[in-house]
Each structure stands twice: as structure tokens, then as C-alpha cells.
Amino acid sequence: MAEARIELAITGMTCASCAARIERKLNKLDGVTATVNYATEKARVTFPEAVDPQVLVDQVEAAGYQAALPVPEQPGTPAATAEEDPTAALRRRLVVSAVLSAPVVLLAMVPAWQFTHWQWISLTLAAPVLVWGAWPFHRAAWTNLRHGAATMDTLVSMGTVAAFAWSLYALLFGTAGTPGMTHPFELTISRTDGAGAIYLEVAAGVTTFILAGRYFEARSKRRAGAALRALLELGAKDVAVLREGREVRIPIGELAVGDRFVVRPGEKIATDGVVADGSSAVDAGMLTGESVPVEVGPGDPVVGATVNAGGRLVVRATRVGGDTQLAQMARLVEEAQNGKAQAQRLADRISAVFVPVVIALSVGTLAFWLGAGGGVSGAFTAAVAVLIIACPCALGLATPTALLVGTGRGAQLGILIKGPEVLESTRRVDTVVLDKTGTVTTGRMSLVSVHTAADVTEDEVLRLAGALEHASEHPIAKAIATGALDRAGELPDVEGFQNLEGLGVRGVVDGHALVVGRERLLAEWGVHLDGPLAEAKRAAEEKGRTAVLVAWDGEARAVLVVADTVKPTSAEAIRQLRGLGLTPVLLTGDNEAAARAVAAEVGVAEVIAEVLPKDKVDVIARLQGEGKVVAMVGDGVNDAAALAKADLGLAMGTGTDAAIEAGDLTLVRGDLRAAVDAIRLSRRTLATIKGNLFWAFAYNVAALPLAAAGLLNPMIAGAAMAFSSVFVVSNSLRLRGFRGTATTRSGPTRSAGSTRGKVPAAA
């Protein structure tokens, strides 16, 4: 039977258990296989082609949630449309609730302001807060109740409704509505007549505090997302296509198979194709992990999104859109993200146990006082008081305030945390997999050593060879020229420069006929390498480095060794990762020799080299299958799927867009020590959240016995609410003192090795 795939957008989920319920509902349909990701709010569904997709939508809605079919892109519509701020509605609800709640809380807490009929004004102000302001909590609680689940929303809805309902009863049928009624400011423990007490400040205040917490959390996510979207805007938007011998700029989406397009030096190749004209060096590191550019000429295949590092190319498109290698990688990333474990919020897990306990305690309190002859009014007062005091407003602030302060401090240190679910992974991580090129190394070719014949000096070799290479656009030539300028200073002029495709360059410098390039080029000029120079070339190649030979006047004069150098801070960062109890693993698409040399330099024992992007995902899966909790640090397109597959993905902000999008944490700087800071900050933020949750419950749980005994004073309820909130906010603010290991006085900056928009550094 033919199958089809579709991705549904799901709304209405409040926790990971909602995603599990939708999955079960969809999988009950014959021939349907569904996975629901709570974090991305998407459902990937495989179903028989004979089934109408609307049936899937109906099934989701039958479970109490909303689903939408994907909307096809209309040709000609602008790619970048103004995106509505998803926090706007929440902000509006918070502002209105805060304005209405402030007088209610102040009147309840300051007896001197309790004028005649103040309680009716409080009721008028609190009613819209409870009904409209708290509506998202009531709706979520009802959905959870239908499925026999209890989350934080259940606790909030239950407590606020109980407080409001009892206040309404006391005002209409008790003595609380009497003109001149006041709540004295007393924190005494004594039996109270429930008919004379109102808890409107609890109903309104809790709702506002919880809304504030949700807004802080949503805003912190939005900030991280905005930074990521800004980086993603840097991608190529159009391509120069040859039409009747002229170059015409068109959007990438209009490119068709068979079109011939121009790629100038430094530009990204628009799509997969074959070189029709020209020759150049193409940096394919993002796909293969090789740090050395690949020479291409007419007839050679090239891959979309790789970078033309040399001359002008004319490419004939062979694959476009969803058929390209890049699109296949994107599918790998989607599959890896969908398969990632869905973290459930700590507050929801606690609430799932706490809510049934509170309800049982409330029912038990009612039964006890009725049996003990305490009267119906007194029994109901105590039972409802249990529900009221069990609703801690600080619970809603526990996660978002810590996350807000933690992400704010992280942003100052160059660390973007995508959401609270990311933090839970950092505590359990025991293995960190490191990409090589662009992560541990700079991702740029540099001149690392010069080996000369006995009769010449390094300065002389660098002056002559640097001058010749300075005229070339090849990345290796640029590395030599840059090294020569740094060491030898000003370079002489070149005469008769000639670029010999795939071999090297030749020309006349200071009267010397100079040849710089491969051994084969020297052999063609009758120059042979032997002795110490031959040994230097062999040693360099054993380490995976590139050896460039220099000859003039018919003799071999030097071997220049070029390599992707290790970042100065990488060895220190790996020592710090070990100090956090993590085992480092070097994973790269580069050759074994180069990988081993880098690993030895930075102190990594385990090396996995020469792997393709799909193999990287398999390596992560294998490590996870061995029971390890894996963090992945990478920066290239070829790392994106592995970043998504890992339990914790840390993407270098100096890397490619796909890697940044796939990572859980983005490190703005190219310094590997930022990964250490990210893990330390995440662990400390998670510890703060746990401490907040403990105290958010502790203040209120301590008052539960008073409520069950019928001794709950409205002032005690209000004080518990205020003290727990103040503690949670104060505890979260301590995160502002977090100190990173990779910061400077001038703040975090993008590393000098950043290649965004030029040559993507990836391995």
C-alpha cells in the first residue's frame, strides 16, 4: 500500500504528556504512524495515501487539541514576511491582569486602605482577572482533566477558582459583604469564620504572577529565536543565471535543472551541479569535513552551499530544491530532532503528584470536620482553605525567572539557550563529541612551519615564495602569502606570473625563476626532492598536513607546511570539560592522520575520523545505545543532524546556519571554552530552578496543616504567596553573578576565525 507523509502543526499542548496523548490517538488509526514533538509543536505522520489528511486533523481535535495541515508556498510571495510576535497576546493579558490585580492585593494587605465597600470593588476588579486572565490555565486544566492528568495548570486553576468561589460565597451569603468589613493585618493562628474571609487577592495575585512567569519564559525564548533568525538571514538569496549570453539575477527558488549559472570567488554555489567552464578551488568542508579545498574543473561535480574559493565558475544545475544534498541533510536534521527525547517540565511532574495529594487532603479535611461536629460552614472553610493555600504563585515564577536571568547572563557571555527543556540534558551529559575543523581548530589554512635547504634562510624563502603566492587566489596560496607578510614584511613584485591548474604557480621574483606547488610540478621542471626536504615533506603528510614545495634556479629550496591550526584555547577547554566529568571524543570527516595529530595536541584520546554526515548521526546513536548521554559541539552543515540527534547540541555561532538552527545552545564566539561556560551555566540554572521549585512548594506546604485545622488567616495566605515569590525572584537573581572562563573585559566577541559569509568552517 502506497504511503504518504505529512507534518501537522499542533496547538493547545501544555506538557509532554499532551504530545504522548496525541501520538496514541493518531496511532490508533489503521496504517498510521505518528511522532509528536512537544518542543516544536509538530506531528510527523506517515499514513496510507487512500486516507484523507483531514481525518488526521479530526483525530487530533477529538483528543482536545488543534491541528493544521501544511500550507503550500505560493510562488512569487516574498520569502521574508513580517512575523507576528507570539508573546503579544500573552503580554496584553499580563498587563491587563496586573493593572486590575494591583489594587486588589494592596487593599487586602493594607487595612488602612480598606474603605467602606472595598470588598465589592475588589470583587469587580478580580472577576475579569480570574475569568479572562486565567482562561489559558482553565482551558488547559479542563483538557488535562478529560484525560485524567494533572499539571501545573490544574493546580493554578483549582486554587484560583477555589479562592474566588469561596470569596463570592462569603460576600453573598456570609458576613464578608457587610459594609465596613476589614481584614486586620494579623499573622496570628486562630480559628476563623470562613463566612467572613475573602481571598480575592490570592485569586488575582496568583493569576498575575503565573502570567508574568509565562511571559518571562516566552520572552526569553523569543530573544534567543530572534538572535538565531538574524544569523539565518545571512544566507544566499539569489543566483546569476546565464540567459542568451547575459547574466540575469533570479531568486534561488526559480533555478531549474539544466540552467547554467555563474559563481564568482567567495560566493556560495547555488545548487548541485557540474562545472561547465572555469577552474577553481571549492571549499567543501561543510559536507566532507576536509579542511583543504578541492580543485574542480570542467566536468567535475559540485555541491550546493559549498563556497567557491578561487576563480570564476560556470555551473550547470543537475539537482534543485528537495533533491539536493543539502536538502537531504535537512531531512536528516528533521528526523534527528523528531527522535530526540521530549523533556517534560519539572513543575508539571511535581504537580502530577501534588494535585491528587492536595485534593485527597481537602476531601479528607471536609470529612474530618463534618465527622467531628465542626459544622458544615467550618468544614467547607477548612477544605477550601487547603485548596487555596496549595496554589503557590511562585511555582509559575520558579522556572521562567531563573531561565530569564540565566539566559540574560548567558547572552552577555555569548551563549544563547533555546529553552528550559535544554537545561535538563546538561545535568546528565557524560560524553562530549567535538567536531574538529572550525570547532577545535580555526577552520582556516595557516603557514605552520618552514623547512629550508642549507644554503638559504627562512626569510629569503618567505619573501620570494610569499610574493609569488600573493598573486594567487587559492586558499593555500593565501595562507602562505599571509604567513610571509607576517614574518618577512613587504614583498617584492612578480613578473610573468602563471597559475598552473591543480599543480601550483610560477613566475620571476627578484630575478629568480620561481616554482611553488606540488612535487609533480617540480618534477616537470627537472627538480627532484631529496635529503632533509624530502623527509620534512613526508613528516608533514603523515600528520595530515599539506606540504608545498619551493624551487628556484633549478634547485629545490624549501618545504612550506600549511595546515588548519588548533585554536589557542582548545586544549585548555578540553581540560575543563574533563573537569566537569565529561569524556571528550573527536569526530571529523577529515583524514585519520590530521585528526590524530590534532587530538594529540589538545589531549583527546578517542578519535573517529573520515565520517560522512549520516555516519556522524550513526556515531551519536551508537554512543547513546551504549548508555551514554551525549553532547555534541559543531559548526558545519554536516554537523547539523548530529547536533539535533545528540542529547545536547552546542552550535558555534561562527559556523553555518543549519548547525545553529539544529543546536540546543548557540555559542556566539568561536572559543571552545564557551562550551564549558554553557554547560556550567546550564547546570547552575537548572539547580536554581530546582531550588525555586522546592521553596515555592515549601512555603505553601508548611501552611497546609494550618488550613486543614481551620486556622488559615487570609493574611497568612497572602504572606505565604508574597514571601515565596520574593524568595524565588531573589534566588534567580543570584545567577547574575555567574562568571565565565572565556570572557574578556570588552565582552564576548566573534572569533577572528569566523568564516560566516565567506568559507564555512566545518568538519
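Cut-offs and rules
Residues numbered from 1 in each chain as written. Predicted model: local features only at pLDDT ≥ 70, side-chain atom pairs only at ≥ 80, totals over all residues. Heavy atoms only, no water. Patch = residues over 30% accessible without salt bridge, like charges linked within 9 Å, V, L, I, M, F, W, Y side chains within 5 Å. Areas by Shrake-Rupley, 256 points an atom, 1.4 Å probe, with all protein chains shown as cover. Salt bridge = Lys/Arg side-chain N within 4 Å of Asp/Glu carboxyl O. Helix = DSSP H or I, 4+ residues; strand = E, 2+ residues; numbered from the N terminus. Buried < 20%, exposed > 50% of the residue type's maximum accessible area, 1.4 Å probe, protein only. Contact = heavy atoms within 4.5 Å. UniProt positions renumbered as here; feature names shortened; annotations may be inferred. Pairing = 2+ DSSP bridges. Polar contact = N/O pair within 3.5 Å; in protein donor to acceptor, adjacent residues only side chain to side chain.

**A word on a nonpolar patch on the surface**
At step 1: Nonpolar side chains collect at one region of the surface, where Leu168, Tyr169, Leu172 and Phe173 lie side by side and expose about 400 Å² of accessible area between them.
At step 2: Within the secondary structure, tyrosine 169 sits in helix α6 (residues 152-173).
At step 3: On the accessibility criterion, tyrosine 169 (32% relative accessible area) is partly exposed.

**With respect to the environment of alanine 398**
At step 1: Considering the arrangement of structural elements, one finds alanine 398 in helix α12 (residues 393-412).
At step 2: Under the relative-accessibility criterion, alanine 398 is labelled buried at 0%.
At step 3: Remark: the alpha-carbon pair of alanine 398 and alanine 347, spanning 51 residues in sequence, is separated by 8.5 Å.
At step 4: In contact with alanine 398, not counting residues within four places along its chain, are Ile689, Asn692, Leu693 and Val728.

**Some details on the UniProt feature "transmembrane region" (unreviewed entry) in the chain**
At step 1: Within this numbering scheme, the UniProt entry marks residues 94-112, 118-135, 155-176, 196-216, 350-372, 378-405, 692-709 and 715-733 as carrying the feature "transmembrane region" (unreviewed entry).
At step 2: In this annotation, residues 118-135 is assigned 94% helix and 0% strand; the end-to-end C-alpha distance for the span is 25 Å.
At step 3: Annotated as residues 155-176, this span is 86% helix and 0% strand, and its ends, taken at the C-alpha atoms, are 26 Å apart.

**Considering the pattern of salt bridges**
At step 1: Taken as a whole, this structure holds 24 salt bridges when the rule is applied.
At step 2: Close ionic contact of glutamate 247 with arginine 312 constitutes a salt bridge, the shortest N to O distance being 3.5 Å. A residue pair is termed long-range when its members are at least 10 positions apart, and glutamate 247 in strand β6 (residues 246-251) and arginine 312 in the loop between β12 (307-308) and β13 (313-319) qualify at 65 residues.
At step 3: Look at arginine 312 and you get partly exposed, because its relative accessible area is 43%.
At step 4: Its salt-bridge partner being glutamate 535, residue arginine 538 comes within 2.3 Å of it at the nearest N-O pair. Taken as a pair, arginine 538 and glutamate 535 lie in helix α18 (residues 531-542) at a separation of three residues, close to a single helical turn.
At step 5: Its relative accessible area of 38% is what places arginine 538 among the partly exposed residues.
At step 6: Among the charged side chains, a network of salt bridges with common partners joins Glu7, Lys42 and Arg44.

**Focus on the sheet that holds strand β5 (residues 238-243)**
At step 1: Pairing within the open sheet is antiparallel, and its six strands lie in the order β6-β5-β7-β13-β8-β11. Each end of this open sheet is capped by a strand with a single partner; those strands are β6 and β11 (301-302).
At step 2: Direction of pairing for strand β7 (residues 260-263) relative to β13: antiparallel, over a ladder of four bridges. Bridge pairing in β13 links arginine 260 to arginine 316.

**Quick notes on the side chain of serine 101**
At step 1: Tracing the chain through its elements places serine 101 in helix α3 (residues 88-109).
At step 2: Engagement of the side chain of serine 101 in a polar contact is seen with the backbone oxygen of alanine 204, the distance being 3.3 Å.
At step 3: In this structure the side chain of serine 101 is engaged in a polar contact, spanning 2.7 Å, whose partner is the side chain of threonine 208.
At step 4: In this structure, serine 101 is in contact with Val129, Ala204 and Thr208, ignoring residues within four places of it in sequence.

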